[in-house]
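What follows is each chain in one-letter form.
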Amino acid sequence: MIINAVKATNVLKYAELDLQDLPEKGIIAISGENESGKSTIGETVCFALFGRTFSLGPDDLDKVLRWGEHHCAVTLDFTVDGVAYQLSRFLDRDGSHSARLSKADDIDNPIARGVSGVADRLFEILGYEFDEFVESFYLAQREITTPHPHSVAVKTMAGVAPLEYVAAGFEDEIAQFDEMTEELEAEAEALNQELEELDFQEGYLMQLEDGKNELEAEINANKSVVENLEAAADVYVQNQPLLKRARGKRGRACFWRFISFVLALIAGGAWFLLAKKPDMAQSQQLLQMLQQKLPNWQDAWIPYIGYAGIGFAVLMLLFWIRSAQHASRARTLADDSRVFSDALEKARAVTPFVGETASEKEEAASKPEPEFSEAGEEQMTIPAVDEPVRPEESAFAALLSKVDDVVADIAEVRTYVEAESHWLRSQINSKEEKFWALGQEVDRELERVRQVARLTEVTESLKQKIMEIQGKKEKRLKAIELLEGASGFVSSNFNRDIRDLVARTLPVFTQGRYEHLRIDPDLTVRVFSSDKRDFMDLDEVSSGTQRQIMLALRLALSEKLLTRRVHGDQFAFLDEPFAFFDEDRTRYALKALTGMSDKLSQIWIVAQVYPEGTDVEFALSLKCSRDLDRLSA
């Protein structure tokens, strides 16, 4: 960037500043006594470019206005790489601040408007911002010191700033990852605490379900036993009178069968003797007896005796068949009734329910035993409904024996079955209560399992997130490590380049007494002494030599920024660079500045006076005065 013209009104000291047709190359010398407005020219250029000055921050911009004035304006014409631009800036007491940037050949169509818009566009054109400017091309009126190693400007010039910017972003992300990890770990810990409070036992749900299924099977089996027992008892009770009648009918049929057999045998024998063996003595005796008993006896009746024998034989056969039918009926009824025996045994095989509590067992043990009365046969009273007591084993054995013989009394059967059924149903009720209790416990355990599954899933998800975050954190730590290595490499190269650039100007500034510098990574400067053959701290040299060395270092930074970021030629503004220089040092410095760099072609230098007899020819000389508030050239 080369300044072509500066025009300002009411800026700092000057009511009007008008510098036109400024030379593009050479030294522009500004001289004058203290408080004559020399530094104002540099601050005006700085304000025009960046909307601020080195001595005034953004919050003190109202001090840029000349005392007593309400507004100020500045217009800066400059050229960058052959393209001419015009930058205008306006400021008033109310804080209104505006800026406009145009190309010189098209003033009416600005390429940027507003403070921020102009700042962004200028950075694209110039290649640097305010911080880099004041560390390189603009040496304000101050003590020349070593550039701060951690300044953004120096880091930007060195190429380290982007790396540190990325590293800082990674560090912020790492801090966020640490916060996220702490939050996730705290959440995971809370979930683990909830899991512990649930007191979940692996496999307990399966045990409960198995127990519930087994108990359900027992309940169904017991219900089946009760139903079979009562059904078999009903069958036995129904069959008992039928069986008695069948047995009675069979007995009567057997009796008449026997009578028919005897009569058939007598009639057949008599017919045989009378018809077939009439000459036998037994036949004569039988005939005489019949004649005596039957006065009207006729021999013609003998065949009818045979017929009577046949008839009695037929009756015997009929009674035989009838007897067999009743016997079969009795056997069928007896077999059906004996099913009751199996039902009794199956019911007796049901063991007392072990699911009752100890208090329930004690209560059951305290209940009265069943009462029996002996009246020919052992009888049993039914216990009270609310006191289900099982019949004794002796009562069961006695009844079973009678049932096997199908001789058990109906009343005894009913009494026993009611007592046994009542006890079995009480067992079923107890099991059903336990079944429902198990069902509720299963439901609770299912809910617990769901909660455990949900908490476990969330916990695993949190662990996965923590692992992912740790992975991201490790990547960023590795990236920071790589960036630090790259920063060290870039810084080392930057320091080396600065040393090389300083080596070109330092011998000229110091008349060959000092030629080499050593710049540490923290930008601590040490100078090589030819006399001592070693590097010395700056404290070991005179103040004037220190300022010569620092001026050479500043110009080296300018040269470095030119090669890295700036397009085309560049100006530099040096405010009182020769303070505390003697005349000889000033002459050598001026001479060094004239041929220092091809690209740093326009150099503004501020000094109270310049030494006489210098052979340096200035491209433009500006004389400032305390008594004048207007300056034009």
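Provided above is the structure to which this section pertains.
Source: prediction; values computed, not measured. (Residues numbered from 1 in each chain as written. Predicted model: local features only at pLDDT ≥ 70, side-chain atom pairs only at ≥ 80, totals over all residues. Heavy atoms only, no water.)

### Quick word on the packing of helix α6 (residues 204–276) against helix α7 (residues 281–293)
And then number 1: Running from N to C, α6 and α7 point in directions that differ by 110°, and their axes come no closer than 9 Å. As judged from the angle between their axes, α6 and α7 are roughly perpendicular. Taking contact as the criterion, the partners of Ala270, Leu273 and Leu274 in α6 are, on α7, Gln282, Ser283, Leu286, Leu287 and Leu290.
And then number 2: Split into classes, the residues belonging to the contact of α6 with α7 amount to 6 nonpolar, 2 polar and no charged. (Axes fitted to C-alpha atoms, helices over the stretch in contact; angles between N-to-C directions. Helix = DSSP H or I, 4+ residues; strand = E, 2+ residues; numbered from the N terminus. Parallel < 35°, antiparallel > 145°, perpendicular 65-115°, else oblique. Contact = heavy atoms within 4.5 Å. Nonpolar A, V, L, I, M, F, W, Y, C, P; charged D, E, K, R; others polar.)

### A short note on the packing of aromatic side chains
And then number 1: A full pass over the atoms with the stated rule returns 17 aromatic pairs.
And then number 2: Ring geometry for Phe50 against Phe130: centres 5.8 Å apart, planes inclined by 75°, an arrangement best described as edge-to-face. One end of the pair, Phe50, is in helix α1 (residues 38–50); the other, Phe130, is in helix α3 (residues 130–135), with 80 residues separating them in the sequence. Exposure class is identical for Phe50 and Phe130. Each is buried. (Phe/Tyr/Trp six-rings, centres within 6.5 Å; stacked < 30°, edge-to-face > 60°. Buried < 20%, exposed > 50% of the residue type's maximum accessible area, 1.4 Å probe, protein only.)

### Re the sheet that holds strand β7 (residues 112–113)
In sheet architecture, strand pairing relies on hydrogen bonds along the backbone and comes in two forms, parallel and antiparallel.
And then number 1: The 7 strands are arranged β7-β6-β5-β4-β1-β2-β17 in an open sheet whose pairing can be described as mixed. The open sheet is flanked by β7 and β17 (630–632), the only strands paired with a single partner.
And then number 2: Pairing between strand β6 (residues 97–103) and β7: 2 bridges, direction antiparallel. For Arg100, the partnering residue across the bridge sits in β7 and is Arg113.
And then number 3: Here α1 sits on the sheet in contact with β1 (2–11), β2 (14–19), β4 (71–80), β5 (83–92) and β17, set at roughly 95° to β5.
And then number 4: Contacts from helix α2 (residues 115–126) reach β4, β5, β6 and β7 within the one sheet, and its direction differs from that of β6 by about 40°. (Pairing = 2+ DSSP bridges.)

### Notes on the pairing of β5
And then number 1: Looking at chain direction, β4 and β5 are connected through 10 bridges and run antiparallel. Along β5, the bridge assignment pairs Cys72 with Leu91.
And then number 2: The turn joining β4 and β5, which pair antiparallel and follow one another in sequence, is formed by 2 residues; a positive phi near 55° is taken by Asp81.
And then number 3: Bridge count for β5 against β6 is 7 bridges, and the pairing is antiparallel. If you follow Leu87 over to β6, its bridge partner there is Leu101.
And then number 4: Two successive antiparallel strands, β5 and β6, enclose a turn made up of 4 residues, where Gly95 displays a positive phi of approximately 90°.

### Remarks on the nonpolar core
And then number 1: Core analysis: the biggest nonpolar cluster contains 91 residues, and Met1, Ile41, Leu49, Phe78, Phe133, Phe571 and Trp604 have the highest contact counts within it.
And then number 2: Looking at which element gives the most residues to this core, the answer is helix α12 (residues 543–564), with 8 residues.
And then number 3: Leaving out residues up to four positions away in the same chain, Ile41 has contacts with Tyr14, Leu17, Leu19, Ile30, Phe573, Trp604, Leu622, Cys624 and Leu631.
And then number 4: Counting 37 residues, the second largest nonpolar core, distinct from the first, contains Ala330, Leu399, Tyr416 and Leu424. (Core = buried A, V, L, I, M, F, W, Y, C linked by side-chain atoms within 4.5 Å.)

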